[in-house]
Amino acid sequence: MMPLIGSAVRWAVVWYCMLEGCFMASITNSGWFWHISDIHYDFSFDGGRLSCNGKVEGSAPYSNYWCDSNWRLTVDSFAAMARLEPNVDFLIWTGDNVAHIEDEHLSMELNIHILTNITSLFGQYFPTTTVYAALGNHDYFPTHQFPSSSNVMYNTMGDLWAGWINDTEQVENFKRGAFYTVKTAHGLRLVALNTNLYYTRNKKVRNETDPAGQLAWLRKTLQAADTAGEKVLMISHVGVGVFTPDDVKWMYTGFHKRFVSILREYGHVITGIHFGHQHEDSFKVLKTTDGKPAIPMLFAPSLTPWRFVSATSGFIAPEHNPAIRLVEYDRSTGRQLNIVQFYTNLTSTNLNNRSDWTRAYDFKKAFDVRDVTASSLHELVQRMWRPEGAKYFDRHYKFTTVIADRDDDPTCNTSSCKSAILCGLDNIDYDRYDSCVVEYKKRFQTSGSTPVQLSEVYRLAYGFLLLLVAYTSNCI
Ligand SMILES: [Zn+2]
Ligand SMILES: [Zn+2]
């Protein structure tokens, strides 16, 4: 009887692991890197405040929720990173350094000047640490209009960042399209992309099929990594999927489809993608075509506290606090192990005339996950769909603004808000996202409570079937 019970337990563990995608414990060789994004430095803050789209009341020594970062906030965030954790393996910097200012006040020379000044801050605070940088849509002039061939910005930034890229061939690659690949000191392959080429506000390359040949290059690079048995960490500015709950699809549909298809094809090689651009903190999981978790995608909140105000609809985005994030990863496998999100509360920072960088949350603790891999995020999303996972949904929602109070929708309790966020977490394809939202609303209206995702039903039914088989085979 005892051997039968022992074999049943082993059998159950094996099947449980297959169901849940868990892995056997392994010894990790962990390291840390900083991620800073969307600094949006407003050079006019002390005279004109061109980025401010609301009334600034009181003094604003560290800028204001209505405005982009001033120089004091920008420098302070670098000092905070160097003070909080100076011993990182590298830093990632995912673009948008120029403020939200009309083109009439900007120029290619001015934008390059801003990028150069911020590059020198890395040198000042992390003189011996490598930085992996990607450009954002606001870095280019004219704003958003990244071209698919060599130009003064690609050439200048390629030369300026040549020491970090540290590979002549890849510097040349950067000068052609602002993308490159290098190996980190610990052997992980890093790929930096220019997804501004796929952004819907870029009119320059929208009729091309593969601007700058980046997609062909990416497939080739990932195939070479796969053949060599390497793991790949990716960084880029404009992210995939849908920005929720506002339902914004950042990329042209054709580009998005082709890009996501390559990511899916090499999901077993890519250990994570870090994006910027959204300004709000979030994550997504890319799944394989048969629904298995493949790639964790992490969207870092911005340094700039700037609130978006739509000139056409009058929509006002919620305010959010300046943020920097520390990521723990496994140097050997590239797995993302944890995220520690730091912020400074802008209201008290301005009131006290002193920043107070502190932890907003620790991802593993806040969401009760063992790491930040695709399978852990997938399990978290499944939990969020269930009524008992409501607290994780609420936390995620609170973190999107880097725990600033929301004056738009503090709870996200409506079916349109809930459906957008839940569906957006693991439906990366635009059409799948749209049908998920429709399906959710239909079921929400019928049942009046949060519906359970179909895949969850299948998973539970499958588990029950396995237990039934075990039972009928006299294993238990
Ligand atoms: Zn952007
Ligand atoms: Zn931005």
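Cut-offs and rules
Residues numbered from 1 in each chain as written. Chains lettered and ligands numbered in written order. Predicted model: local features only at pLDDT ≥ 70, side-chain atom pairs only at ≥ 80, totals over all residues. Helix = DSSP H or I, 4+ residues; strand = E, 2+ residues; numbered from the N terminus. Buried ≥ 20, exposed ≤ 12 C-beta atoms within 10 Å, placed from the backbone. Contact = placed C-beta atoms within 7 Å. Core = buried A, V, L, I, M, F, W, Y, C linked by C-beta atoms within 7 Å. Pairing = 2+ DSSP bridges. Axes fitted to C-alpha atoms, helices over the stretch in contact; angles between N-to-C directions. Right-handed = clockwise from strand over helix to strand, strands pointing away. Expected span 1.5 Å × (residues − 1). Arc of directions from axis to C-beta. Parallel < 35°, antiparallel > 145°, perpendicular 65-115°, else oblique. Left-handed = near helix turned anticlockwise from the far one by under 90°. Nonpolar A, V, L, I, M, F, W, Y, C, P; charged D, E, K, R; others polar. pLDDT = per-residue confidence, 0-100.

(A) Structural detail: the overall build of the chain. Scanning the chain from terminus to terminus reveals 15 helices and 14 strands. Within the chain, buried positions represent 45% of all 476 residues. Nonlocal contacts in the chain, meaning residues at least 24 apart in sequence, comprise 70% of its contacts between residues at least 6 apart.

(B) Structural view of unusual backbone geometry. For the peptide bond that leads from F141 to P142, omega is -5 degrees, which places it in the cis range. Counting through the fold element by element, P142 comes out in the loop between β3 (130-133) and α4 (152-160). Between T244 and the following residue, P245, the backbone shows a cis peptide bond with an omega angle of 5 degrees. Along the chain, the position of P245 falls in the loop between β7 (242-243) and β8 (248-249). You will see that D38, though not glycine, has its phi angle at about 50 degrees, which is positive. The residue D38 is located in the loop between β1 (30-36) and α2 (71-84) in this model. Although it is not a glycine, N353 adopts a positive phi angle of roughly 55 degrees.

(C) Region of interest: the nonpolar core. L91, A192, M234, I295, M297 and I324 are the most contacted members of the largest nonpolar core, which has 109 residues in total. For this core, the element with the highest residue contribution is helix α11 (residues 374-385), accounting for six residues. Residue contacts for A192: discarding those within four places in its chain leaves Y132, A133, A134, F179, Y180, I235 and S236. Formed by ten residues, the second largest nonpolar core is a distinct cluster that contains Y62, Y65, C67 and L346.

(D) Expanded view of the sheet that holds strand β13 (residues 336-343). Within the open sheet, the six strands sit side by side as β3-β2-β1-β12-β13-β14. Their pairing is mixed. On the outer flanks of this sheet lie β3 and β14 (358-362), each paired with one strand and no other. Direction aside, neighbouring strands of the sheet carry axes that sit 25 degrees apart on average. As paired elements, strand β2 (residues 90-93) and β3 share four bridges and run parallel to each other.

(E) Up close: the sheet that holds strand β4 (residues 180-183). Taken together, the six strands give an open sheet; going across it, the order is β4-β5-β6-β9-β11-β10, and neighbouring strands pair in mixed fashion. Edge positions in the sheet fall to β4 and β10 (282-287), since each has one partner strand and no second. Taking the axes of each pair of neighbouring strands and ignoring which way they run, one obtains an average angle of 20 degrees across the sheet. When β10 meets strand β11 (residues 293-299), the two strands line up antiparallel, connected through six bridges. Among the inter-strand pairings, L286 is bridged to a residue of β11, identified as I295.

(F) Structural detail: the environment of E230. Assignment of secondary structure puts E230 in the loop between α7 (214-227) and β6 (232-235). Judged by the 16 C-beta atoms lying within 10 Å of it, E230 is partly exposed. Once residues lying within four places of it in the same chain are set aside, the contact partners of E230 are R189 and A225.

(G) Quick look at the pairing of strand β5 (residues 189-192). Pairing geometry for β4 and β5, over four bridges, is antiparallel. Following the sheet pairing, K183 is matched in β5 by R189. At this point the chain moves from β5, through α7, to the parallel β6, and the crossover so formed is right-handed.

(H) Fine view of α7. The terminal C-alpha atoms of α7, which comprises 14 residues, lie 20 Å apart, in line with the 20 Å expected from a rise of 1.5 Å per residue. Residues of α7 that are buried: Q214, L218, T221 and L222. Axial view of α7: buried residues confined to an arc of 95 degrees, hence all on one face. Opposite the packed face of α7, turned more than 90 degrees from it, sit the exposed residues A216, K220 and T227. Buried positions along α7 lie against α6 (168-177), β4, β5, β6 and α8 (253-265). Directly beyond the C-terminal end of α7, a positive phi value near 75 degrees is found at G229.

(I) Region of the structure containing the packing of α11 against helix α13 (residues 415-426). Put simply, α11 and α13 touch, their axes get as near as 10 Å, and they point 160 degrees apart. Judged by the inter-axis angle, α11 sits roughly antiparallel to α13. Relative to α13, the crossing made by α11 is left-handed. In contact with H378, V381, M384 and W385 of α11, α13 contributes L422, L425 and D426. Grouping the constituent residues of the contact of α11 with α13 by class yields five nonpolar, one polar and one charged.

(J) Helix α3 (residues 108-125), seen in detail. The terminal C-alpha atoms of α3 lie 26 Å apart, and with 18 residues this matches the ideal 26 Å at 1.5 Å per residue to within 8%. In this structure, the buried residues of α3 make contact with β2, β3 and α4.

(K) Representation of the environment of Q445 in the model. Looking at where Q445 falls in the secondary structure, it is placed in helix α14 (residues 430-447). On the neighbour-count criterion, Q445 (9 C-beta atoms within 10 Å) is exposed. Note: C-alpha distance between Q445 and S415 (30 residues apart in sequence) is 8.3 Å.

(L) How the structure looks around the pairing of β6. Residues V232 and M234 point to one face of β6 and L233 and I235 to the other, with burial holding for every one of them. Across four bridges, β5 lies against β6 in parallel orientation. Residue pairing for β6: V191 is matched across the bridge by M234. Judged from the four bridges that link them, β6 and strand β9 (residues 270-275) form a sheet pairing that is parallel. Bridge pairing links M234 to I273 in β9.

(M) Seen up close, the confidence of the model for the chain. Confidence in the prediction for the chain averages 91 pLDDT; 88% of positions are at 70 or higher. Counted against residues more than four places away or in other chains, residues 1-5, with its pLDDT under 50, gives one contact. In the predicted structure, residues 16-26 sits below a pLDDT of 50 and forms seven contacts with residues beyond four places in sequence or in another chain.

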